[in-house]
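# Working through the structure, step by step
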Amino acid sequence: MKNLLRVVLVLALAAGLTACKKNVKDNANADLTAGAGTEMVIEETETVTEVPAQEVSLGVVHFALDKYNLSSDARKIVEANVKAIKAAASAASYQVTVEGNCDDRGTIAYNIALGQKRADEVKAYYVRLGIPAANITTVSYGEEKPVCYEATQSCWAQNRRADTLLKVK
């Protein structure tokens with residue numbers, strides 16, 4: 001009895017699927033024949049694609065231990081960055097972000113404050129060289145964004161930096 005019930009269910013299911021396939025095929029043919037004698041119009045539409053802003057990393061300024069003043073080498077890097085910023089500014093609008101960073105020695109609060117002083121010092125030099133202050137933002141990451149993770153003098157020196165990002169819109 002159970003086997004007979006299974007066979008009947010399988011046959012009913014197969015018949016139902018066959019009926020669905022037939023309806024789909026009939027509907028497709030009906031759509032094709034219904035369109036006979038009607039005219040199809042294709043319009044051209046203009047697609048406007050907005051160009052995404054591009055972000056470019058400029059020269060990195062490094063600092064001495066517990067310092068935020070710019071050395072002569074750091075000033076040269078900032079001056080080279082200004083040339084790149086001014087070249088980009090002639091073509092489009094832009095935004096400059098200066099990110100202050102520290103090595104992992106010192107407290108979190110101290111490193112955040114020192115990173116901010118470093119970013120502010122670089123920003124001030126950009127402004128002195130002709131970049132509008134309204135186009136420059138600063139942020140301090142303290143010790144949160146290291147580029148080197150070793151506990152060595154050379155690694156710590158790499159992390160004491162100010163990164164400049166230029167976003168051209």
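Residues numbered from 1 in each chain as written. Predicted model: local features only at pLDDT ≥ 70, side-chain atom pairs only at ≥ 80, totals over all residues. Heavy atoms only, no water.

Moving on to the environment of Val122. Looking at where Val122 falls in the secondary structure, it is placed in helix H3 (residues 108–128). Residue classification places Val122 among the buried residues on the basis of a relative accessible area of 0%. In the structure, Val122 is positioned 16 residues away from Thr138 in sequence and 9.1 Å away in space, judged by C-alpha atoms. Beyond its immediate stretch of four places on either side in the chain, Val122 contacts Val61, Phe63, Leu70, Val78, Val98, Ala162 and Thr164. (Helix = DSSP H or I, 4+ residues; strand = E, 2+ residues; numbered from the N terminus. Buried < 20%, exposed > 50% of the residue type's maximum accessible area, 1.4 Å probe, protein only. Contact = heavy atoms within 4.5 Å.)

Bringing the side chain of Ser140 into the picture now. Tracing the chain through its elements places Ser140 in strand E4 (residues 136–142). Here Ile112 takes part through its backbone oxygen, which lies 2.7 Å from a polar atom of the side chain of Ser140. Separated by 3.3 Å, the side chain of Ser140 and the backbone nitrogen of Gly142 make a polar contact. Once residues within four sequence positions are removed from consideration, Ser140 is found in contact with Gly100, Asn111, Ile112, Gly115 and Gln116. (Polar contact = N/O pair within 3.5 Å; in protein donor to acceptor, adjacent residues only side chain to side chain.)

Following the criterion strictly, the structure yields one disulfide and no others. The residue that forms a disulfide with Cys148 is Cys155, at a sulfur-sulfur distance of 2.0 Å. Given an S-S torsion of about -130°, the disulfide between Cys148 and Cys155 has left-handed geometry. Just as Cys148 is buried, Cys155 falls in that class too. (Disulfide = S-S within 2.5 Å.)

In an α-helix, one turn spans 3.6 residues; hence positions three or four apart end up facing the same way. The end-to-end C-alpha distance of helix H2 (residues 72–89) is 25 Å, a good match for the 26 Å that 18 residues give at a rise of 1.5 Å each. For H2, the set of buried residues is Ala74, Val78, Asn81, Val82, Ile85 and Ala88. Relative to the axis of H2, the buried residues are bounded by an arc of 125° and lie together on one face. Seen from the open side of H2, the exposed residues pointing more than 90 degrees away from its buried face are Ser72, Asp73, Lys76, Lys83 and Ala87. Where the residues of H2 are buried, they touch strand E2 (61–62), strand E3 (94–101), H3 and strand E5 (161–168). (Expected span 1.5 Å × (residues − 1). Arc of directions from axis to C-beta.)

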